[in-house]
Amino acid sequence: MASEELAQKLQRRLLLEESGPAAGAEPGGGSGAEEEEAAAAAEEEGGGEAERSCLTANADSELSAKLSRRQDIHAGTARPRQAKVFNPYTEFKEFSRRQIKDMERMFRLYDSGRDGYIDLMELKLMMEKLGAPQTHLGLKNMIKEVDEDFDGKLSFREFLLIFHKAAAGELEEDSGLMTLAKLSEIDVSIEGVKGAKNFFEAKVQALSSASKFEAEIKAEQDERKREEEERRHRRAAFRELKSAFSQ
């Protein structure tokens, strides 16, 4: 009904423009200017309706895509999305390079499938090795708490989130994730929620991110030099020993 009325008003406006101002007067005393104003208002109203209709359609399309993606995930048919490259050293600044490397070693140790993820069975093995076995439901809840992409497994970034949440006081003391963070051999000074939070706040305040990063890189370089020097000494000692036996 509103569309027919709008079409009639637009048609009337076209006729007025073609025939000139004189043809716009009606027997009832209406002027062409009034008709033009009415037609312009109708046109503006129609444009607003079209814009609202377009926005609604876009929102419906986006919602439909999200619901479809969620259904595919639950059905196990969702295609994996492109992994987002991230830098753990800049994103998780509360941890030192050594701590992140320790976390990475632990992650790779239990990533037995070598696919860059820790799935439910691999997490089960990890918790058993740490001496804190969990139920099937408990393991699923552990993954769910940091599973940002809803794929049912832990990426390295999500694994780091466990320690991030523990340090920030975002985990329950008796939760499976808090148990994992405490029982791991990674020294992140998790002495209860409050102690961990205060520790990291003090550390961040004491050192700027840039200077800490540079200092850690230099420490790693010095450590590699020491290891290489030790290897040279061992090789030299072995050659001397071999020479002594061959005489």
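Structure: above.
What comes next concerns the included structure. Note that the structure is predicted; figures quoted are calculated from it, not measured.

## Here's the deal with the pattern of salt bridges
Then, in step 1: Under the definition given, this model contains 12 salt bridges.
Then, in step 2: Here Lys-165 makes a salt bridge to Glu-170, at a shortest N to O gap of 3.6 Å.
Then, in step 3: Residues joined by salt bridges that share partners form a network here, namely Glu-228, Glu-229, Arg-231, Arg-232 and Arg-235.

## Quick look at the packing of aromatic side chains
Then, in step 1: In this structure the tally under the stated criterion is three aromatic pairs.
Then, in step 2: Aromatic pair Phe-159 and Phe-163: ring centres 5.5 Å apart, planes at 75°, arrangement edge-to-face. Within this pair, Phe-159 and its partner Phe-163 are both found in helix α7 (residues 156-168), separated by four residues, close to a single helical turn.
Then, in step 3: Residue class for Phe-159 comes out buried when judged on its relative accessible area of 0%.
Then, in step 4: Residue classification places Phe-163 among the buried residues on the basis of a relative accessible area of 0%.
Then, in step 5: The cationic tip of Arg-97 hangs over the ring face of Tyr-89; the distance from NZ or CZ to the ring centre is 4.5 Å.
Then, in step 6: Geometry around Tyr-117 places Lys-153 over its ring, the cationic atom sitting 4.4 Å from the centre.

Parameters and conventions
Throughout this description, residue numbers start from 1 for each chain and increase along the sequence as written. Given that this is a predicted model, residues contribute local features only at a pLDDT of at least 70 and side-chain atom pairs are listed and counted only at 80 or more, while totals for whole chains, interfaces and linings are drawn from all residues. Computation of side-chain values: all heavy atoms of the structure, hydrogens and water removed. Any Lys or Arg side-chain nitrogen found within 4 Å of a carboxyl oxygen on Asp or Glu counts as a salt bridge. Any pair of Phe, Tyr and Trp rings, taking the six-membered ring for Trp, is counted once the centres come within 6.5 Å. Such a pair is stacked with planes under 30 degrees apart, edge-to-face with planes over 60 apart, and tilted for the rest. Helix and strand labels come from DSSP, where a helix needs a run of H or I of at least four residues and a strand needs a run of E of at least two; each type is numbered from the N terminus. The classification of residues rests on relative accessible area computed with a 1.4 Å probe and restricted to protein chains. Under 20% of the type maximum is buried, over 50% is exposed, and intermediate values are partly exposed. A ring is scored as having a charge over it whenever the NZ atom of a lysine or the CZ atom of an arginine sits within 6 Å of its centre and within 35 degrees of its normal.

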